[in-house]
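Structure at a glance
Here are the chains, one letter per residue:
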Amino acid sequence: MPRPKNDTVSSMNPQQQPQAPYAPYAPQYPAYTDQPGYPAPAGGYPPAPYPPPGTGAQYPPAAPGYAQQPQMYAPNQPYGGGYQPIAVQPGMPGHPPPVMGQPIPGGWMPIPQGIPNCPPGLEYLTAIDQLLVHQKVELLEAFTGFETANKYTIKNTLGQKVYWAMEDTGCCNRMCCGAARAFDMKILDTFQNEVLHFNRPLRCSSCWFPCCLQTMEVTAPPGNVIGYVEQNWSILTPQFSIKDQNGDTVLKISGPFCTFSICGDVEFEVLSTNGAQVGKISKQWSGLGRELFTDADHFGINFPMDLDVRVKATLLGALFLIDYMFFEKSGNKEQDRPGMF
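Not measured: the values here are computed from a predicted model.

Some words on the overall build of the protein chain
What the protein chain contains, in helices and strands, is 5 helices and 12 strands. Within the protein chain, buried positions represent 38% of all 341 residues. Intrachain contacts of the protein chain at a sequence separation of at least 6 include 47% that bridge at least 24 residues. Only carbon and sulfur atoms are counted for the fraction: they give 59% of the accessible area of the protein chain, which is about 20,300 Å².

This is the structure in structure tokens:
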């Protein structure tokens, strides 16, 4: 029996497939744009829960009561320079390198690294324009008058230790020559490495002996001369010249007529070669009891930040020479006198 014909099927091309109905168009929203993605909600997006990278607070947060240490940069460095990570000095194997900005155990100043053309151990001075020198009180000397070797602590303005200073002399030299004695002063860093050496020979300081005035040789490292301190002949006030390794005068020091420390500081001006003041060395008043019964003095020295570290080191040597010439006691007896007589 013949199959009834379907009009719909018979009207189609045998090779044409039936097509699915078209999908409706996407609805148009008021905030719709041609950019892919979902439209922004009314009122904008809520604020992000995290700040952009590099702009958030430091983690972990600083402990309450402690201020964040300021970052320090070496002078005269190109943009983007500064201190490199601190490396442990030779002779200290097994110690992890400290992190810049954190004090070294014992209250020591962090060690700047990567300073070009700088004698080893003097990198500290590139970031310093002021030093505080405190002499240690020797009880044996205070109670008996027996002259002992001087010891000093050298700190920065933050109270961090920068160097130790130790006098190297014999007992007979100290007892016989007193404050006029010849001495070697060793400057040590935190690892007990000798980074500076001051040598003062036995000479006169009075104006009656102009051909045999005081002098000091500064070496860093020991054996390599970087400067000299020389006393200039004068009748009324102390005068000194700061010279480089070639013997050329780079700075001068001028002291007061009277070096008595009576309830106040005694200041020695540091002058440029044209007479302009660029710094000073101060013998600071350390209290009535300390001044009367000991010779453990406090000193301060400041200089330009961009001054050559070799000149800074030579000025530090001048500070010790001034201490022995004007403020060191023999048998706990004052030796101060007006003028240079």
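Here we look at the pairing of strand 2 (residues 151–155)
Relative to strand 2, strand 1 (residues 130–135) runs antiparallel, the two being bridged by 4 bridges. Across the sheet, valine 133 pairs through a bridge with isoleucine 154, a residue of strand 2. Where strand 2 and strand 3 (residues 161–168) come together, 5 bridges link them in antiparallel fashion. Counterpart to threonine 153 in the pairing with strand 3 is tryptophan 164.

Quick notes on the environment of methionine 175
Topologically, methionine 175 is positioned in helix 3 (residues 171–177). Counting along the chain gives 28 residues from methionine 175 to glutamate 147, while the straight-line C-alpha distance between them is 6.1 Å. Leaving out residues up to four positions away in the same chain, methionine 175 has contacts with Phe146 and Glu147.

Quick word on the nonpolar core
Judged by nonpolar contacts, the single largest core of 57 residues is most densely connected at Ile187, Leu196, Ile253 and Phe320. Discounting chain neighbours no more than four positions away, the residues touching isoleucine 187 are Ile154, Tyr163, Trp164, Ala165, Asn193, Glu194, Val195, Leu196, Phe198 and Phe320.

Quick notes on the sheet that holds strand 8 (residues 239–244)
Strand order in the closed barrel formed by 12 strands is 1-2-3-4-5-6-7-8-9-10-11-12, with antiparallel pairing between adjacent strands. Ignoring strand direction, the axes of neighbouring strands in this sheet form an average angle of 20°. Along the sheet face, helix 5 (residues 309–327) touches strand 1, strand 2, strand 3, strand 4 (183–188), strand 5 (194–200), strand 6 (215–219), strand 7 (225–232), strand 8, strand 9 (249–254), strand 10 (266–271), strand 11 (277–284) and strand 12 (298–302) and points at about 35° away from the line of strand 7.

A few points about a nonpolar patch on the surface
Taken together, the side chains of Trp233, Ile235, Leu236 and Phe257 make up a nonpolar region of the molecular surface, amounting to roughly 410 Å² of accessible area. The partly exposed category is assigned to isoleucine 235, whose relative accessible area is 37%.

Focus: the packing of aromatic side chains
As enumerated under the stated definition, the model contains 9 aromatic pairs in all. Seen in terms of ring centroids, phenylalanine 183 and tyrosine 324 are 4.3 Å apart; in terms of plane orientation they differ by 25°. Their pairing is stacked. You can see phenylalanine 183 sitting in strand 4 and its partner tyrosine 324 sitting in helix 5, a full 141 residues away along the chain. Of the residues examined, phenylalanine 183 reaches a relative accessible area of 2% and is grouped as buried. Classification of tyrosine 324 as buried rests on a relative accessible area of 1%. Counting every residue linked through ring pairs, the aromatic cluster contains Phe268, Phe299, Phe326 and Phe327.

Calculation criteria
Residues numbered from 1 in each chain as written. Predicted model: local features only at pLDDT ≥ 70, side-chain atom pairs only at ≥ 80, totals over all residues. Heavy atoms only, no water. Helix = DSSP H or I, 4+ residues; strand = E, 2+ residues; numbered from the N terminus. Buried < 20%, exposed > 50% of the residue type's maximum accessible area, 1.4 Å probe, protein only. Contact = heavy atoms within 4.5 Å. Areas by Shrake-Rupley, 256 points an atom, 1.4 Å probe, with all protein chains shown as cover. Pairing = 2+ DSSP bridges. Core = buried A, V, L, I, M, F, W, Y, C linked by side-chain atoms within 4.5 Å. Axes fitted to C-alpha atoms, helices over the stretch in contact; angles between N-to-C directions. Patch = residues over 30% accessible without salt bridge, like charges linked within 9 Å, V, L, I, M, F, W, Y side chains within 5 Å. Salt bridge = Lys/Arg side-chain N within 4 Å of Asp/Glu carboxyl O. Phe/Tyr/Trp six-rings, centres within 6.5 Å; stacked < 30°, edge-to-face > 60°.

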